[in-house]
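Here is how the chains run, residue by residue.
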Amino acid sequence: KKDIPAVNFLIHEIHCRRNIEICPFCSDSVPKAEMKNHIESEHVQVTCKCRMKIENSLLKDHEASACPLRPALCRFCDIPLAFNKLQEHESYCGARTERCEGCGHNVLLRDLEQHPRRCG
């Protein structure tokens, strides 16, 4: 999958045919001696803590951006929660109030960011 000088092409092609295989799962070029290890380490199915089965090589991305159990912080109290519990928690947590220093009114935490524009 790379440009090879024409002078070296025949030797390179012979070397590749003897020593390199294309992975049937990801189409990467892998040395034949390492193909079994590549498949077992990259393409074996593992189970995430959310019980979803996923390829080992994709697990880190899944845990970081798609897993419903990935950690997330509440924007109001910074408590770490599972992502799938965040919306319910923030709905409850954002309903708490704080006193506005400017006008003295109690303001919902979820409205506190926009309040200074209304408060004057």
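From a predicted model like this one, the values you see are computed outputs, not experimental measurements.

### Thoughts on the overall build of the protein
Now for step 1: For the protein, the helix and strand inventory stands at five helices and eight strands.
Now for step 2: Reading the protein from its N terminus to its C terminus gives the helix and strand order α-β-β-α-β-β-α-β-β-α-β-β-α.
Now for step 3: Taking 120 residues into account, the globule formula puts the C-alpha radius of gyration at 14 Å, and the protein, at 27 Å, lies well above it.
Now for step 4: Dimensions of the protein, computed from C-alpha atoms along their principal axes, come out at roughly 80 × 35 × 15 Å.
Now for step 5: Residues classed as buried in the protein amount to 18% of the 120 residues present.
Now for step 6: Summed over its atoms, the accessible surface of the protein is roughly 9,500 Å², and 52% of this surface lies on carbon and sulfur atoms.
Now for step 7: Charge centroids of the protein, computed over 18 positive and 17 negative side chains, lie 3 Å from each other.

### Some details on the domain arrangement of the protein
Now for step 1: Under the domain assignment used here, the protein contains domain 1 (1-41), domain 2 (44-70) and domain 3 (74-117).
Now for step 2: Summarising the inter-unit geometry, the C-alpha centres of domain 1 and domain 2 are found 29 Å apart.

### Here's the deal with the pattern of salt bridges
Now for step 1: Counting across every chain of the model gives two salt bridges.
Now for step 2: Salt-bridge contacts for Glu 90 lead to Arg 75; the nearest nitrogen and oxygen are separated by 3.4 Å. Highlighted residues: Glu 90 in helix 4 (residues 83-93) and Arg 75 in the loop between strand 5 (71-73) and strand 6 (80-82), separated in sequence by 15 residues.
Now for step 3: Its relative accessible area of 60% is what places Arg 75 among the exposed residues.

### Examining unusual backbone geometry
Now for step 1: One non-glycine residue, Ser 27, lies in the positive phi region at around 65 degrees.
Now for step 2: Relative to the helices and strands, Ser 27 resides in the loop between strand 1 (20-22) and strand 2 (29-31).
Now for step 3: Residue classification places Ser 27 among the partly exposed residues on the basis of a relative accessible area of 37%.
Now for step 4: Of note in this structure, Arg 51 is not a glycine but carries a positive phi near 75 degrees.
Now for step 5: By the element assignment, Arg 51 lies in the loop between strand 3 (45-47) and strand 4 (53-55).
Now for step 6: Accessibility expressed as a relative area gives 75% for Arg 51, which makes it exposed.

The rules we used
Residues numbered from 1 in each chain as written. Predicted model: local features only at pLDDT ≥ 70, side-chain atom pairs only at ≥ 80, totals over all residues. Heavy atoms only, no water. Helix = DSSP H or I, 4+ residues; strand = E, 2+ residues; numbered from the N terminus. Rg over C-alpha atoms; globule rule 2.2 N^0.38 Å. Buried < 20%, exposed > 50% of the residue type's maximum accessible area, 1.4 Å probe, protein only. Areas by Shrake-Rupley, 256 points an atom, 1.4 Å probe, with all protein chains shown as cover. Lys, Arg positive; Asp, Glu negative; His and termini not counted. Charge placed at Lys NZ, Arg CZ, Asp CG, Glu CD. Domains from an automatic or database assignment. Salt bridge = Lys/Arg side-chain N within 4 Å of Asp/Glu carboxyl O.

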